[in-house]
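# Observations on the three-dimensional arrangement
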Amino acid sequence: NSDIRLQYQISTFGDQDRLLVARDITRLVRLEQTRQDFVANASHELRTPLTVIRGYLETFLDQELPRPLMRGLNQMQQQARRMESLVTDLLLLSRLEASQHISDEHPILIHALIRQIHEDGEALATERGHRFVLDIDPEYDLLGQENELQSAFSNLVFNAVRYTPDNGTITLRWWADTQGGHFSVTDDGIGIEPMHIPRLTERFYRIDESRSSASGGTGLGLAIVKHVLVRHDGHLSIESVPGEGSTFTCHFPPDMVVPVRRAE
Ligand code: ADP
């Protein structure tokens, strides 16, 4: 029966003996599917009422209204925006979870993508006085899903901007070696205690709840990064020293790295 899902594990004892254990995970797989469908549907359904609320708020905010009322409406608008980001990230995450691998690989020009991310980051960071440094290997490109990589990379840059005190330095690097291709974001910000690092890619895991939500994140950024990388057969590594800064590196397998094609 094709609906039954089994998980196999083989153990070897000495030279000859093998033990094969088959586990029926059909129920687990179904439950996980139900959970994913629920999150996707709920996020989708929340979109419409939010759009209506935001529309009315914008109309009201265009009027001359008493100051306390304006203050309340501004707060409502801020929270409605936050909810919209949450719904967008939840939907994105449920789409990413729906399959384990990117559907079709388009060769993307990672240089152009990093430049775009760099520009967006600078626009976001001007008020904070952050300085950006770019260090890009000119010889190699990456095969991958552009929209997904854009989401993953910009989440890392967004975090670097938010978790670095004013006038920080943020470095974006792309390089390739025998292990594959690597994109990293380094900041000289607040850093992370080692005990938190293994849990950072869990949904809604936050070190400092008040600081994180006040700075505009959804708590889903690193979960999105992790899933995008899994879908590219890659992984995320995190190095950090509290009080000195952090480096988040996206690693991609060698077969996705290609030489840059130059115009003849
Ligand atoms: P959030 O929206 O809360 O930033 P993320 O999933 O993007 O959610 O990040 C999870 C947590 O990891 C954050 O709440 C923050 O505590 C920590 N974090 C992420 N990036 C950095 C960074 N560059 N420096 C320090 N802490 C970070």
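As shown above, the structure is provided for reference.
None of these values were measured; they are calculated from a predicted model. (Residues numbered from 1 in each chain as written. Predicted model: local features only at pLDDT ≥ 70, side-chain atom pairs only at ≥ 80, totals over all residues. Heavy atoms only, no water.)

## Remarks on the overall build of the protein chain
The test is simple: We count a stretch as a helix when DSSP gives it H or I for four or more residues in a row; a strand needs E for two or more, and each element gets its number in order from the N terminus. Only protein chains enter the area calculation, which uses a 1.4 Å probe; residues under 20% of their type maximum are buried, those over 50% are exposed, and those in between are partly exposed. Just so you know, the count uses Lys and Arg for positive and Asp and Glu for negative, and it drops His and the chain ends. Note on charges: their place is set at NZ of Lys, CZ of Arg, CG of Asp or CD of Glu.
Of the regular secondary structure elements, the protein chain holds six helices and 10 strands. Taken along its principal axes, the extent of the C-alpha atoms in the protein chain is 85 × 50 × 45 Å. Counting every position in the protein chain, which comprises 264 residues, the buried fraction comes to 39%. Placing the 26 positive and 38 negative side-chain charges of the protein chain at their respective mean positions leaves the two points 6 Å apart.

## Digging into helix 6 (residues 221-231)
Note the cut-off: Every residue pair with non-hydrogen atoms within 4.5 Å of one another is taken to be in contact.
Helix 6 sits mainly inside the fold: eight of its 11 residues count as buried. Of the positions making up helix 6, those classed as buried are G221, L222, A223, I224, V225, V228, L229 and R231. Structurally, helix 6 contributes buried residues whose contacts are with helix 2 (67-97), helix 4 (146-162), strand 8 (235-241) and strand 9 (245-252). Of the residues trailing helix 6, D233 is marked for its positive phi of about 60°.

## Here we look at the sheet that holds strand 7 (residues 180-187)
Just so we agree on the cut-off: For two strands to be treated as a pair, DSSP must find at least two bridges joining them. Helix axes are fitted only over the stretch in contact, all axes being lines through C-alpha atoms; the angle between N-to-C directions runs from 0 to 180 degrees.
The mixed open sheet is built from five strands, whose spatial order is 4-6-7-9-8. Two strands lie at the open edges of the sheet, namely strand 4 (131-136) and strand 8, each paired on one side alone. The sheet shows a mean angle of 15° between the axes of neighbouring strands, taken without regard to direction. Judged from the eight bridges that link them, strand 6 (residues 169-177) and strand 7 form a sheet pairing that is antiparallel. Paired with L172 across the strands is V185, a residue of strand 7.

## Some thoughts on unusual backbone geometry
One non-glycine residue with positive phi stands out, namely N167, at about 65°. Relative to the assigned elements, N167 resides in the loop between helix 4 and strand 6. The exposure class assigned to N167 is exposed, which follows from its relative accessible area of 60%. The phi torsion at F204 lies on the positive side, around 65°, for a residue other than glycine.

## A few points about the packing of helix 3 (residues 110-125) against helix 4
For the record, the criterion: What makes a crossing left-handed is the near helix being turned counterclockwise from the far one by less than a right angle; a clockwise turn instead makes it right-handed.
Two elements in contact, helix 3 and helix 4, have axes separated by 10 Å at closest approach and are oriented at 35°. Where helix 3 crosses over helix 4, the handedness of that crossing is right-handed. Mapping the contact onto sequence places I110, L113, I117, D120, G121, L124 and A125 in helix 3 and E146, L149, Q150, F153, S154, V157, F158 and V161 in helix 4.

## Looking at the pattern of salt bridges
To keep it simple, the criterion reads: We define a salt bridge as a side-chain nitrogen of Lys or Arg found within 4 Å of a carboxyl oxygen belonging to Asp or Glu.
For the coordinates displayed, the defined rule picks out nine salt bridges. Residue E202 pairs with R199 through a salt bridge whose shortest N-O separation is 2.9 Å. Relative accessible area serves as the criterion here: at 34%, E202 is assigned to the partly exposed category. Its relative accessible area of 40% is what places R199 among the partly exposed residues. A network of salt bridges, in which partner residues are shared, links E32, R35, E97 and R203.

## Regarding helix 4
To be explicit about the condition: Under the convention used throughout, the expected extent of a helix is 1.5 Å for every residue step, that is, one less than its residue count.
Under the 1.5 Å per step criterion, the end-to-end length of helix 4 is 24 Å for 17 residues, consistent within 8% with the ideal 24 Å. Counting buried positions along helix 4 gives 12 out of 17 residues, so the element sits mostly inside the fold.

## Structural notes on the packing of helix 1 (residues 26-61) against helix 2
Test applied: Each angle gets one of four labels, with under 35 degrees taken as roughly parallel, over 145 as roughly antiparallel, 65 to 115 as roughly perpendicular, and the rest as oblique. Just so you know the grouping, Ala, Val, Leu, Ile, Met, Phe, Trp, Tyr, Cys and Pro go in nonpolar, Asp, Glu, Lys and Arg go in charged, and all remaining residues, Gly too, go in polar.
It is the contact of helix 1 with helix 2, at a shortest axis distance of 8 Å, that shows an interaxial angle of 155°. By the angle class used here, helix 1 and helix 2 are roughly antiparallel. Two packed elements cross with a definite hand, and for helix 1 against helix 2 that hand is left-handed. When grouped by side-chain class, the residues that make up the contact of helix 1 with helix 2 number 15 nonpolar, seven polar and seven charged.

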